[in-house]
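# Close look at the chain arrangement
Each chain, written out:
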Amino acid sequence: MAPSKKASWTNAPDAEELEKRNTVGIHKETVTHNTSVDFPGHVPGEDEAFSLNRFRDGFSVDFHQNDPFHASFSLMGIDASLSNAFRRVLISEIPTLAVENVFIENNTSVVQDEVLAHRLGLIPFKGGKEGLHNFLKWHKKPEPGEDPYTNSFDWNTVSLELDVKCTLNEDADPREDDPRKAYHNAHVYARDIVFHPTGAQDQYFAGDDAIAPVHPDILIAKMRPGQQISLTMHMHKGIGADHAKFSPVATASYRLMPIIKITRPILGADAEKFQKCFPDGVIALDKVSTTEAAQQGSGYEGHAGEIKAVVADPMRDTVSRECLRHAEFEGKVKLGRRRDHFIFSIESSGQWDSDELFMESVKHMKLKCKKLEQQVMDMVR
């Protein structure tokens, strides 16, 4: 009796099937296969249970840019839920120092007190990292009716002062129409804010490590002769979940790695048109080699020396789907995105280096996991 033939699903998936499962299909009008399938029970006969060893073997990080204010890197072999968790932690859970209380003594400028205080709160500041991250602790807000200076100490409060008065410049030309030349202090900038260290703050915030605006040329207000702004500010630690001014990033985002597959040759004028359908650097033009022209079934037979379109750098693509609008490219190209390849972009507001921010988000995630583990253990006891 001949042995029975095994069902196809009992066979291990080949490389083509794995690639198909890991690709989000991008079509002219629709997006397909946009949900994950690598979880237990989805495919009969396959064990997709999470394994630390499997995750370690498949996960990798590749940095593309690493500047103090901007970092770009790829996380590969990771699920969207984890990538999004890192993004949310970056935006809302890493603590920074920002202006929290503004005590206005005199404000005769055209900017209302509330608007002025809001503008001051959104100015990003920098300082010595040891002091910012380790010396400064959390501030406890005073109870209603208590003195606002209660609970303010050198280890949880930073004091700043802004005292600027606009006066007439006697040396200016009477016909001068530029207020910055005609008057003194016509424009109030972030660089006019003065830091006053108290207690042990001198040890952590001195010299180049002093508390100062990240961008000194931020415009705060415009004044004319006779107008004055005089106020003091208290800075405290906070997180972006409480207010956006405490967020350590200007932006923290990710996108999936684009996939561009040329399935049939695109030659000559069509190749040049195809290149223009993508951002610069995505598609390159190359000449068909004699080897390719001699290969049967390659599609390049008899086209030696002609220009062909080749994929150069798919990471630059914005997946605009422009090439799918043209009839001459129908059936010649497939677009997609790799499901487990996330290209992160982090722009620091200046208090943290951009690469430090991601490592800090990892620390916060580990702490969250430990807390969850402890809570689960407490539930089963």
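Below, the structure is looked at part by part.

Criteria and thresholds
- Residues numbered from 1 in each chain as written.
- Predicted model: local features only at pLDDT ≥ 70, side-chain atom pairs only at ≥ 80, totals over all residues.
- Heavy atoms only, no water.
- Helix = DSSP H or I, 4+ residues; strand = E, 2+ residues; numbered from the N terminus.
- Rg over C-alpha atoms; globule rule 2.2 N^0.38 Å.
- Buried < 20%, exposed > 50% of the residue type's maximum accessible area, 1.4 Å probe, protein only.
- Areas by Shrake-Rupley, 256 points an atom, 1.4 Å probe, with all protein chains shown as cover.
- Pairing = 2+ DSSP bridges.
- Contact = heavy atoms within 4.5 Å.
- Phe/Tyr/Trp six-rings, centres within 6.5 Å; stacked < 30°, edge-to-face > 60°.
- Lys NZ or Arg CZ within 6 Å of the ring centre and 35° of its normal.

### Focus: the overall build of the protein
Within the protein one finds 10 helices and 18 strands. Taking 2.2 N^0.38 as the reference for a compact globule, 381 residues should give roughly 21 Å; the C-alpha atoms of the protein span a radius of gyration of 30 Å, well beyond that estimate. With respect to the principal axes defined by its C-alpha atoms, the protein has extents near 100 × 75 × 35 Å. Here the protein holds 381 residues, and 35% of them are scored as buried. With an accessible surface of roughly 22,600 Å², the protein has 51% of that area assigned to carbon and sulfur atoms.

### Digging into the pairing of strand 18 (residues 333-348)
Taking burial as the measure, the 16 residues of strand 18 include 12 buried ones, the bulk of the element. Both strand 1 (residues 23-26) and strand 18 contribute to a ladder of 4 bridges, which runs antiparallel. Note that in strand 18 the partner of Thr23 across the bridge is Arg338. Of the pairings in the sheet, the one linking strand 4 (residues 70-76) to strand 18 comprises 7 bridges and is antiparallel in character. Among the inter-strand pairings, Met76 is bridged to a residue of strand 18, identified as His341. In this sheet, strand 18 lies alongside strand 15 (residues 249-262) in antiparallel orientation, the contact comprising 13 bridges. Paired with Ser253 across the bridge in strand 18 is Ser345.

### As for the environment of Gly121
Inspection of the secondary structure puts Gly121 in helix 4 (residues 113-121). Taking the relative accessible area as the measure of exposure, Gly121 reaches 4% and is therefore buried. With 114 residues separating them in the primary sequence, Gly121 and Met235 have C-alpha atoms 8.8 Å apart. Residues contacting Gly121, with those up to four places away along its chain left out, are Ala98, Val99 and Lys245.

### Focus: the packing of aromatic side chains
The final tally for this structure, using the stated rule, is 15 aromatic pairs. Here Phe195 and Phe205 contribute two aromatic rings whose centre-to-centre distance is 6.3 Å and whose plane-to-plane angle is 90 degrees, an arrangement assigned as edge-to-face. Remark: Phe205 occurs in the loop between helix 7 (201-204) and strand 12 (212-213) and Phe195 occurs in strand 11 (residues 194-196); sequence separation between them is 10 residues. Accessibility expressed as a relative area gives 13% for Phe195, which makes it buried. The interplanar angle of 45 degrees and the centroid separation of 5.4 Å between the aromatic rings of Tyr254 and Phe344 together place this pair among those described as tilted. Here Tyr254, found in strand 15, pairs with Phe344, found in strand 18; they are 90 residues apart in sequence, far enough to count as distant. For Tyr254, a relative accessible area of 27% corresponds to the partly exposed category. Here the aromatic residues Phe63, Phe73, Phe86, Tyr254, Phe342, Phe344 and Phe358 are joined through ring pairs into a cluster of three or more. Lying across the ring of Tyr300, Lys308 places its NZ or CZ 5.1 Å from the centre.

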